[in-house]
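Inside the fold
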Amino acid sequence: MRAQWDVIVVGAGPGGSTAAARLAQAGVDVLLVDKERFPREKPCSDIYGPFGARTYEELGVYERLLEAGYVYPGVLLSSPDYTAIYGANGKGLTCPRRVGDNILKENASRLGAEVWEEFWVHDLVVKDGQVRGVRAKYQGEFRDYRCDVVIGADGSHSWVAKRLGLFVDDYDQVYLAGRAYWRGCSPPLRDVEVHYDPSFNPGFVCLSPHPGYDDVVNMGVGIQMSQYGRLSLNAEEMVEKFVAESPHGEKMRGAERVSDWTGWRVPSAGQIGKNYAAGAVLVGDAGNFVEPFILEGVASAVRSANYAARAVLAALEERDFSEDSLSRYGEKWEKKMGPQLRALQGMAVTAADADALNGLFGGLKDDPEAVSRVFGE
Ligand SMILES: Cc1cc2nc3c(=O)[nH]c(=O)nc-3n(C[C@H](O)[C@H](O)[C@H](O)COP(=O)(O)OP(=O)(O)OC[C@H]3O[C@@H](n4cnc5c(N)ncnc54)[C@H](O)[C@@H]3O)c2cc1C
């Protein structure tokens, strides 16, 4: 079995599939691996935010996502006093992650990436302080697979980040998010909705529509780990309270839950820091790229993967895989994504104070263009 590649990408979610697709498109010998067999579930509100669309277009996969998904007209948000603001959507879509992520992974393969599933990375191969590959269990055997650069795209609990000593876990910046599917929203949901509820602020309820999938609604919650520990409600009870008491929850009062609840750790960019090392870079959740406040991490995983792929291409060209060489990734994402991530972090801080959030939304409610700029492009 082959055991040497230019690049090994660990994790075939949106971040890893994008990085692998970009590199394969540029002619790099890239192996994309995932511990799961696709299609696989990922607990999520299923929103592929608008800021990823340009990449999907460049990779020739946007049409395919459109066929499988739904372009929602806009995003409705409300603050704890129920002040609502609305922004039009650009090219964002909803699609069950099981379906959309499989499309992205297949596209990486179509562009030339080798894809191995049920490949569990449990360690890195490190020599002279530089990452040289991964240790993995694949087809029942534990072996080393060597490469020039490892891209850690292995999500929120990233082994690659932990092994590099770059894993961060600040409970004010890490969120708990959970969701389930429901049938019977009346009237049918068409926009994405995010509601900061007075009963558990700064936690919020998110609803996203799936007209093409039996019109189910994905409804879930997001809240900082530090706040969750202080609440007397669990995630399911938060949603029940929202449905029973909020005017925005009224449309869900007759709806029936048609799936189990699932939840996951969400590392917001409020704790983003260094995400490169000699021979390795981290993208998406592994690198803490989730947009604060709205907790969208798909589009930012995709965008971080673009910048990582560029830095890795330059390193391959120069045959320089040192930390210094790969620090170009850090410079690039900071320049291109830093300002937006910081603006959203500012809103996340505001959200912790219900009065401040009410004031912010009060100021924005007559400025749909400002809302679209932040949430809809
Ligand atoms: C309830 C909830 C709702 C959310 N809603 C949204 C939303 O609507 N929109 C949005 O943009 N974001 C949302 N997010 C955040 C979003 O899900 C993540 O930011 C996004 O999935 C990050 O993509 P990724 O490619 O970095 O990682 P992932 O999508 O998590 O992919 C990582 C991949 O790595 C694989 N992997 C992990 N460990 C290993 C290993 N050791 N070896 C091999 N493979 C491995 C996994 O199997 C997985 O396929 C939500 C999160 C939660 C929990």
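Just so we're clear, the structure is a prediction, and the values are computed from it rather than from any experiment. (Residues numbered from 1 in each chain as written. Predicted model: local features only at pLDDT ≥ 70, side-chain atom pairs only at ≥ 80, totals over all residues.)

Some thoughts on the overall build of the protein
In terms of regular secondary structure, the protein is built from eleven helices and 18 strands. What you see for the protein is a C-alpha radius of gyration of 20 Å, in line with the 21 Å of a compact globule of 377 residues. With the principal axes as the frame, the protein shows a C-alpha extent of 60 × 40 × 35 Å. Counting every position in the protein, which comprises 377 residues, the buried fraction comes to 51%. When contacts within the protein are restricted to residue pairs at least 6 apart in sequence, long-range pairs at least 24 apart make up 72% of them. (Helix = DSSP H or I, 4+ residues; strand = E, 2+ residues; numbered from the N terminus. Rg over C-alpha atoms; globule rule 2.2 N^0.38 Å. Buried ≥ 20, exposed ≤ 12 C-beta atoms within 10 Å, placed from the backbone. Contact = placed C-beta atoms within 7 Å.)

Here's the deal with helix α7 (residues 235-245)
Along α7, the residues that are buried comprise A235, M238, V239 and F242. Down the axis of α7, the buried side of the element spans an arc of 95 degrees, and every buried residue falls inside it. In this fold, the buried residues of α7 make contact with β11 (174-183), β12 (192-196), β13 (204-210), β14 (216-224) and β16 (262-267). (Arc of directions from axis to C-beta.)

Some details on the pairing of strand β2 (residues 30-34)
With five of its five residues buried, β2 lies for the most part within the structure. Side-chain alternation along β2 places V30, L32 and D34 on one buried face and L31 and V33 on a second face that is also buried. Bridging between strand β1 (residues 4-10) and β2 involves four bridges; their strand directions are parallel. When the sheet's bridge partners are listed, V9 is paired in β2 with L32. A crossover connection joins β1 to the parallel β2 through helix α1 (residues 14-25); in handedness this β-α-β unit is right-handed. With four bridges connecting them, β2 and strand β7 (residues 114-117) associate as parallel partners. If you follow D34 over to β7, its bridge partner there is E117. (Pairing = 2+ DSSP bridges. Right-handed = clockwise from strand over helix to strand, strands pointing away.)

Some words on the site of the ligand
Close to the ligand lie 44 residues; G11, G13, G155, G284 and G297 are nearest. Of all the secondary structure elements, the ones that give two or more residues to the shell around the ligand are α1, β2, β8 (119-127), β11, β16 and α8 (298-318). Among the residues making up the shell around the ligand, the classes are represented as 21 nonpolar, 13 polar and ten charged. In terms of domain composition, the shell around the ligand takes at least three residues from each of domain 1 (4-71 + 91-169 + 268-351) and domain 2 (174-266 + 352-375). (Near = placed C-beta within 6 Å. Nonpolar A, V, L, I, M, F, W, Y, C, P; charged D, E, K, R; others polar. Domains from an automatic or database assignment.)

Some thoughts on the domain arrangement of the protein
The assigned domain composition of the protein is domain 1 (4-71 + 91-169 + 268-351) and domain 2 (174-266 + 352-375). Distance from the C-alpha centre of domain 1 to the C-alpha centre of domain 2: 27 Å. Contacts between the two partners involve 20 residues from domain 1, matched on the other side by 30 residues from domain 2. Tallying contributions element by element places helix α9 (residues 323-351) first for the side of domain 1 that touches domain 2, with three residues. Tallied by class, residues from the side of domain 1 that touches domain 2 come to ten nonpolar, eight polar and two charged.

Here's the deal with the packing of α1 against helix α4 (residues 97-110)
Contact geometry for α1 and α4: axes closest at 8 Å, N-to-C directions at 20 degrees. Relative to α4, α1 is oriented roughly parallel. The two elements α1 and α4 cross, and the hand of that crossing is left-handed. Contacts between α1 and α4 involve P14, S17, T18, A20, A21 and A24 on the former and, on the latter, D101, L104, K105, N107 and A108. Here the residues of the contact of α1 with α4 are counted per class, giving six nonpolar, three polar and two charged. (Axes fitted to C-alpha atoms, helices over the stretch in contact; angles between N-to-C directions. Parallel < 35°, antiparallel > 145°, perpendicular 65-115°, else oblique. Left-handed = near helix turned anticlockwise from the far one by under 90°.)

Concerning the environment of V258
Here V258 is to be found in the loop between β15 (256-257) and β16. Sequence-wise, V258 and G184 are 74 residues apart; in three dimensions their C-alpha atoms are separated by 10.0 Å. With near-sequence residues (within four places) excluded, V258 lies in contact with Y181, W182, R183 and V216.

Let's talk about the packing of α1 against α8
At a minimum axis distance of 8 Å, the contact between α1 and α8 shows a crossing angle of 35 degrees. The element α1 and its partner α8 pack so that their crossing is right-handed. Along its contact with α1, which presents P14, G15, T18, A19, R22 and L23, the element α8 presents V298, A301, V302, S304, A305, N306, A308, A309, V312 and L313. Among the residues making up the contact of α1 with α8, the classes are represented as eleven nonpolar, four polar and one charged.

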